[in-house]
Amino acid sequence: MNSRILGQGLRLSNPSSSTVCWRCSSLRHASSSSAPSSSAPKQRPWTRRAVVSAAAAAAGGIGIYIWSQQDSGPSILNPVKFTKYSLVSREPVSSTGSIFTLKPPKPDGNSDVYEEAWQAGVWSVMFKQPQLQIGRDYTPLPATPWSPEEEGLLRFFIRKDSFGEVSRYLHGLDLGSTIEVRGPRIEREIPTETQEILFIAGGTGIAPALQAGHTLLRRTNDTTKPRIHILWANRRRDDCAGGLDDTKADAPRKSWFFWGFKSPEASPAPAELQKDTSTSLMVRELEALKSQYPGQVTVDYFVDEENKAIGKKAILDFTDSTRASESSCKSKMILLSGPEGFISYMAGPKLWAQGVELQGPLQGIIQELDLKGWIVWKL
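No experiment lies behind these values; they were computed from the predicted model shown.

What counts and how
- Residues numbered from 1 in each chain as written.
- Predicted model: local features only at pLDDT ≥ 70, side-chain atom pairs only at ≥ 80, totals over all residues.
- Heavy atoms only, no water.
- Helix = DSSP H or I, 4+ residues; strand = E, 2+ residues; numbered from the N terminus.
- Buried < 20%, exposed > 50% of the residue type's maximum accessible area, 1.4 Å probe, protein only.
- Contact = heavy atoms within 4.5 Å.
- Areas by Shrake-Rupley, 256 points an atom, 1.4 Å probe, with all protein chains shown as cover.
- Pairing = 2+ DSSP bridges.
- Axes fitted to C-alpha atoms, helices over the stretch in contact; angles between N-to-C directions.
- UniProt positions renumbered as here; feature names shortened; annotations may be inferred.
- Core = buried A, V, L, I, M, F, W, Y, C linked by side-chain atoms within 4.5 Å.
- Domains from an automatic or database assignment.
- Parallel < 35°, antiparallel > 145°, perpendicular 65-115°, else oblique.
- Left-handed = near helix turned anticlockwise from the far one by under 90°.
- Nonpolar A, V, L, I, M, F, W, Y, C, P; charged D, E, K, R; others polar.

(A) Expanded view of the overall build of the protein. Helix and strand content of the protein: nine helices and 16 strands. With 379 residues in all, the protein has 47% of them scored as buried. Contacts in the protein between residues far apart in sequence, at least 24 positions, make up 74% of those at least 6 positions apart. Carbon and sulfur atoms make up 54% of the accessible area of the protein, which amounts to about 18,700 Å² in all.

Given below as structure tokens:
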């Protein structure tokens, strides 16, 4: 996902909106996208040379008051203005990413905002990089038994990208630092009638997958037991250390990362990774979801350095198991999240037209499978 440029209003490196009425942006179709954005006007500097006059002193006092009100900002997460959260924890997931935990300025008031977003489906918030005035969308992780959603905390799985301005900024912050956050933005609503989700995730795309599972599986009752199958691709094993396949996976094949390019010879995993039997934090998140909903969550892992990538069989193993169902087409969804090249390879690229982002035609592996009765959505 590209960084977004903040200024007078909001301009994007790809000119699409980031500030959307989050209650209705989830209803976008393949030929529609988010509405125009709005953001707080650019603040003017309040530093002024002192002028010895009563009128100037009064004006200065008013300016200081207004500046202090703007500086304090809102205490409740909202899609219009940035709220100042504090970085309270950063836990390494692997050599390339960490889980960031953020706390809002006040403990109360955010629960209702979060809950409505969780009920809707997959959602994100924007982080601001204040020096460059750009922002990037990140997906909150669901709460786990060992990380309860207390005091309005939000957690994020963020990759350390040497080419990503916002990522580098975030990974360079000290604990206790302020991070400005705006949202929520609904990326995709999960209809109440949905019973089956196949989620194809690349890298940090596992965060939206956990969100989708959290929203879908909370609808479990005595008569309804929805299920989700996750195919998670990573470049390195340490990103998903300890993860074991729940179904029979594909045979080794060329990775999506080298699609359209000459693929180098596959090399075995480094010795230090082969010996590492620890379980990554993201795998623990998946295992916690599986424990909470037995038999309703399955996960298969695909690692580039092991020359194992997601192919047609991995998809059909799940979709074929649902074809005997007499449920409506709205009950089955395929969601994709990850790097642009990954999504393009699996289902074709998203497109930009007249300043808005569109789903684009279905292409890639999923189009070749000609799956009937499945809603496909690229996040």
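Once you've had a look at it, read on.
(B) Here's a closer look at unusual backbone geometry. Residue proline 184 is bonded to the preceding glycine 183 through a cis peptide linkage, with omega at 0°. Among the structural elements, proline 184 can be located in strand 9 (residues 178–189). Look at asparagine 307: it is not a glycine, yet its phi comes out positive at around 55°. If you trace the backbone, asparagine 307 turns up in the loop between strand 12 (297–303) and helix 7 (312–322). The class for asparagine 307 is partly exposed, based on a relative accessible area of 30%. You will see that glutamine 354, though not glycine, has its phi angle at about 50°, which is positive. Checked against the element boundaries, glutamine 354 lands in the loop between strand 14 (351–353) and strand 15 (356–358).

(C) Spotlight on the environment of serine 337. Along the polypeptide, serine 337 turns up in strand 13 (residues 332–337). Look at serine 337 and you get buried, because its relative accessible area is 9%. Placed 133 residues apart in sequence, serine 337 and threonine 204 show a C-alpha to C-alpha distance of 8.2 Å. Once residues lying within four places of it in the same chain are set aside, the contact partners of serine 337 are Phe199, Ile200, Ala201, Gly202, Gly205, Pro208, Phe342, Ile343 and Leu379.

(D) The arrangement of the environment of proline 226 in detail. Here proline 226 is to be found in the loop between helix 4 (206–217) and strand 11 (227–234). The spacing of proline 226 and valine 297 is 71 residues in sequence and 9.1 Å in space, taken between C-alpha atoms. If we skip the residues at most four places from it in the chain, proline 226 touches Thr194, Gln195, Leu216, Leu217, Thr220 and Gln296.

(E) How the structure looks around the sheet that holds strand 13. Pairing within the open sheet is parallel, and its five strands lie in the order 12-11-10-13-16. Edge positions in the sheet fall to strand 12 and strand 16 (375–378), since each has one partner strand and no second. Geometrically, the sheet is characterised by an average inter-axis angle of 15° between neighbouring strands, direction not taken into account. As judged from the seven bridges shared by strand 11 and strand 12, these two strands associate in the parallel manner. In the sheet register, leucine 231 faces strand 12, and the bridge partner there is aspartate 300. Along the sheet, helix 7 contacts strand 10 (196–202), strand 11, strand 12 and strand 13; its crossing angle with strand 10, the most-contacted strand, is approximately 170°.

(F) Looking closely at the UniProt feature "binding site: FAD" (unreviewed entry) in the protein. Under the feature "binding site: FAD" (unreviewed entry), the UniProt entry names Arg136, Tyr138, Val166 and Ser167. Taken together, the annotated residues stretch across 32 residues yet fold into one region, lying no more than 10.5 Å apart by C-alpha. Tracing the sequence through the fold places tyrosine 138 in strand 6 (residues 134–138). Note on tyrosine 138: relative accessible area 7%, which makes it buried.

(G) Region of interest: helix 8 (residues 340–347). Along helix 8, six of the eight residues are buried, which leaves the element largely enclosed by surrounding structure. Those residues of helix 8 that fall on the buried side of the exposure criterion are Phe342, Ile343, Ser344, Tyr345, Met346 and Ala347. Along its buried surface, helix 8 packs onto strand 10, strand 11, helix 7, strand 13, helix 9 (364–369) and strand 16. A positive phi of about 90° marks glycine 348, the residue just after helix 8.

(H) View of the nonpolar core. Ranked by internal contacts, the top residues of the largest apolar core, which has 34 residues, are Ile197, Phe199, Ile228, Ile230, Trp232 and Met282. Those elements that provide at least two residues to this core are strand 10, helix 4, strand 11, helix 6 (281–292), strand 12 and strand 13. Among the elements that make up this core, the one with the highest residue count is helix 4 (seven residues). Of the residues that make up this core, three or more belong to each of domain 1 (83–186) and domain 2 (190–247 + 278–378). If sequence neighbours within four positions are ignored, isoleucine 230 has contacts with Phe199, Ile206, Ala209, Leu286, Thr298, Val299 and Asp300. Membership of the second largest hydrophobic core comes to 25 residues, among which are Leu102, Trp118, Trp123 and Tyr169.

(I) Up close: the packing of helix 4 against helix 6. The interhelical angle for the contact between helix 4 and helix 6, taken along N-to-C directions, is 15°, at an axis separation of 11 Å. In this view, helix 4 runs roughly parallel relative to helix 6, as classed from their interaxial angle. Considering the relative orientation of helix 4 and helix 6, their crossing is left-handed. Across from Ile206, Leu210, Gly213 and Leu217 in helix 4, the residues of helix 6 making contact are Met282, Glu285, Leu286 and Leu289. In the contact of helix 4 with helix 6, the residues fall into six nonpolar, one polar and one charged.

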